[in-house]
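What the coordinates show
The lines below spell out each chain.
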Amino acid sequence: MDHSQIQFIDLVLIIAYLLGMLLIGVFTVKRIKNTQDYYVAGRSFGPIVLMATVCATIIGGSSMMGRAGLGYTNGIECLMTALPYMIGMFLFSAYAGRIYDVGYHHNITSIPELFEFRFGKSAKIVSAIMVALAMMGTVASQVTATATIIKLLGSQYGISYELGALIATCIFLLYTSAGGLFGVVYTDVVQFFMLVIFVYLLVPISSITTIGGLGEFLSNVDTSYLIPKVDGRLLGDIMSYLVITIAGAEMWQRAFAAKSRKDAKRGMFWGTAVYAVCVTMILVMALAAQQLLPDVQGTYGSTDAVIPALAITTLPAGLTGLALAGILSVMMSTADSYLLVSMQTVVNDVVKTFKPNLTEKQILLLSRIMSVVLAVSALVIALYVKSAYTILTTIYNFYAAAAGIPALAALYWKKATKQGILSGMVGGFAVCTVWKTLGSPFGLGATLPGALVCLILVVVVSLLTYKKSPSVMLNVTKTA
């Protein structure tokens, strides 16, 4: 069987997988009766489904491919930047039950809705704009990562990076706009098993086998890549990933969609536990690629191509296609989640605020129209900035600095006020912007100073204003 025939078989498998995702989206349209079905799936997800969708979402394409590229060039740094995110997600699983209770008792389905309930419309609009921008940027990073994979086959079939980005955008746009959170989550479940079996198990095993076994692999590892090199930029990235988990709008959405508070907590915890194993395997694959593919940048055009390049290099016909489909599933499972949150934020949290009399049918139609607008915007970003990791870290810097502390304060702190929350969000964003503009003084990433200023403003301004301008309290009791 020659190389071209193998490539054809792999392409057929990938196309079959993409068509399967579309069919799931079409099937779930039947379950959409109202906006609550569309955005939080009628609060119907148990712990297993939540575990799969949480894991599939946080192991995004930009995260997987960007981290693999980082591991290829900088070694263990890829694991260090992931560790705070894992810690943050384990902490998130502890208060996911509180998020569920708040959503259940007050019919809240998003962070901006929580801000409106406690602090009014102005806080809702500011937070909604930040959420929408962050989510759209993350969609763009997934499109970038997907297009990088498709480009690997471009020389064989004439598919360019740009065409690959367009194909990827159209696929996840169709099933997300059709099925809402039902479509997103049930495709996530399929994608979860695809990525675990055919990417995080199959590719590392095949790579180590090709090298000559585990002993040979370990003896050839350059130990300098296992020594952490801590600087201001790394500290900034670590802070970003730690704070971003507090206000991860896509995870709040899943907590709101759980069947119960216990399901919310368990689903988040086990999804994060699987993620921890997968991140470790990313480092293994990056170190294996150093031995098998000494010039990924020159051969494939980007270090982001480490994992798909390993699949193509080490796997036989058929399995290569399944692995590439698994890699595509990683990116699509994250892109669809962030696209849905963007749609919800723009339509439900912004447009509906100014036009409260919209009917359920009008909101659903507007949501599907907005999905096209947002997906095209993300595609444009992806075509302009072709580094998945660059897009992701830049977006996370701004969002984490401005939204993390206010979201936690809205959930727990009784003395938080509208003035404190607004000043914290605006101040954190402004400091982050200035810090970036100045070229990150002292080599320190922008998130740390931004989040610190945000925290100070939220606390100080709230304490100065809470007696004259108290916010609405969250009166909730623990549910089963």
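Everything numeric here is computed off the predicted structure, so don't read it as measured data.

1. Here's the deal with the overall build of the protein chain
Helix and strand content of the protein chain: 20 helices and zero strands. By the burial criterion, 59% of the 480 residues in the protein chain qualify as buried. When contacts within the protein chain are restricted to residue pairs at least 6 apart in sequence, those whose partners lie at least 24 apart make up 86%. Carbon and sulfur atoms form 70% of the exposed surface of the protein chain, whose accessible area is close to 18100 Å².

2. As for helix α19 (residues 418-437)
Between the first and last C-alpha of α19 there are 28 Å, a value that for 20 residues agrees with the 28 Å anticipated at 1.5 Å per step. Of the residues making up α19, those classed as buried are Gly420, Ile421, Gly424, Met425, Gly427, Gly428, Cys432 and Trp435. Remark: Gly439 follows α19 within two positions and exhibits a positive phi of approximately 85 degrees.

3. A look at the nonpolar core
Core analysis: the biggest nonpolar cluster contains 119 residues, and Phe92, Tyr200, Trp252 and Tyr399 have the highest contact counts within it. Excluding its chain neighbours within four sequence positions, the residues that come into contact with Phe92 are Ile99, Thr245, Ile246, Met251, Trp252 and Met268. Judged by nonpolar contacts, the second largest core, of 12 residues, contains Met80, Ile211, Leu283 and Val284.

4. With respect to the packing of α19 against helix α20 (residues 447-465)
Two elements in contact, α19 and α20, have axes separated by 7 Å at closest approach and are oriented at 160 degrees. When the interaxial angle is binned, α19 and α20 end up roughly antiparallel. Here α19 and α20 pass one another in a crossing that is right-handed. From α19, Gln419, Gly420, Ile421, Ser423, Gly424, Met425, Gly427, Gly428, Val431, Cys432 and Trp435 reach across to α20, where they touch Thr447, Pro449, Gly450, Val453, Cys454, Leu457, Val458, Val461, Ser462 and Thr465. Within the contact of α19 with α20, the residues separate by chemical class into 11 nonpolar, 10 polar and no charged.

5. Describing the pattern of salt bridges
Side chains that differ in sign of charge can pair as their charged atoms come close. The full count for this structure, using the stated rule, is two salt bridges. In this structure, Asp101 engages Arg261 in a salt bridge whose closest nitrogen and oxygen atoms are separated by 2.8 Å. With a gap of 160 residues between them, Asp101 in helix α5 (residues 77-106) and Arg261 in helix α13 (residues 261-292) connect regions that are remote in the sequence. Of the charged contacts in the structure, one is a salt bridge between Glu116 and Lys124, with a shortest N-O distance of 3.1 Å. By relative accessible area, which is 27% here, Glu116 ends up partly exposed.

6. Brief notes about the packing of aromatic side chains
Under the definition given, this model contains eight aromatic pairs. Ring centres 5.8 Å apart and planes at 20 degrees place the aromatic pair Tyr100 and Tyr104 in the stacked group. You can see Tyr100 and its partner Tyr104 sitting in helix α5, four residues apart, about one turn around the helix.

7. Points about the packing of helix α3 (residues 47-58) against helix α12 (residues 249-256)
Two numbers describe a pair of packed helices, the interaxial angle and the distance between the axes. Across the interface, α3 lies against α12 with an axial gap of 11 Å and an inter-helix angle of 175 degrees. Compared by their axis directions, α3 and α12 come out roughly antiparallel. Contacts from Leu50, Thr53, Val54, Thr57 and Ile58 in α3 reach Glu250, Met251 and Arg254 in α12. Of the residues belonging to the contact of α3 with α12, the class tally is four nonpolar, two polar and two charged.

8. Comments concerning the confidence of the model for the protein chain
The predicted model of the protein chain averages 80 in pLDDT, with 82% of residues at 70 or higher. Mean pLDDT across the elements of the protein chain ranges from a minimum in helix α2 (residues 35-40), with 61, to a maximum in helix α10 (residues 214-220), with 94. Confidence drops under a pLDDT of 50 for residues 1-6, and excluding neighbours within four residues, the segment shows six contacts in the predicted structure.

9. Quick word on the environment of Glu216
Mapping Glu216 onto the fold places it in helix α10. Taking the relative accessible area as the measure of exposure, Glu216 reaches 39% and is therefore partly exposed. In contact with Glu216, other than residues within four places in its own chain, are Ile211 and Gln291.

10. Digging into the environment of Lys418
Inspection of the secondary structure puts Lys418 in helix α19. Under the relative-accessibility criterion, Lys418 is labelled partly exposed at 36%. When the C-alpha atoms of Lys418 and Val458 are compared, they prove to be 9.2 Å apart, with 40 residues separating the residues in sequence. Excluding anything up to four places from it in sequence, Lys418 contacts Phe119 and Ser122.

11. A few points about the side chain of Asp349
Assignment of secondary structure puts Asp349 in helix α16 (residues 319-354). Buried charged residue Asp349 carries no salt bridge. Nearest counter-charge: Lys124, at 4.3 Å. Those residues in contact with Asp349 that lie beyond four places of it in its chain are Ser110, Pro112, Glu113, Lys124, Ile125, Ala128 and Gln344.

12. Observations concerning α5
Taking 1.5 Å per residue as the helical rise, α5 with its 30 residues ought to reach 44 Å, and the 42 Å between its terminal C-alpha atoms agrees with that figure. Of all the bends found along α5, the most pronounced is centred on Ala94 and spans about 45 degrees. Immediately downstream of α5, the backbone of Asn107 shows phi near 55 degrees, a positive value.

Rules used throughout
Residues numbered from 1 in each chain as written. Predicted model: local features only at pLDDT ≥ 70, side-chain atom pairs only at ≥ 80, totals over all residues. Heavy atoms only, no water. Helix = DSSP H or I, 4+ residues; strand = E, 2+ residues; numbered from the N terminus. Buried < 20%, exposed > 50% of the residue type's maximum accessible area, 1.4 Å probe, protein only. Contact = heavy atoms within 4.5 Å. Areas by Shrake-Rupley, 256 points an atom, 1.4 Å probe, with all protein chains shown as cover. Expected span 1.5 Å × (residues − 1). Core = buried A, V, L, I, M, F, W, Y, C linked by side-chain atoms within 4.5 Å. Axes fitted to C-alpha atoms, helices over the stretch in contact; angles between N-to-C directions. Parallel < 35°, antiparallel > 145°, perpendicular 65-115°, else oblique. Left-handed = near helix turned anticlockwise from the far one by under 90°. Nonpolar A, V, L, I, M, F, W, Y, C, P; charged D, E, K, R; others polar. Salt bridge = Lys/Arg side-chain N within 4 Å of Asp/Glu carboxyl O. Phe/Tyr/Trp six-rings, centres within 6.5 Å; stacked < 30°, edge-to-face > 60°. pLDDT = per-residue confidence, 0-100. Lys, Arg positive; Asp, Glu negative; His and termini not counted. Bend = angle between axes of the 7 residues up to and from the residue.

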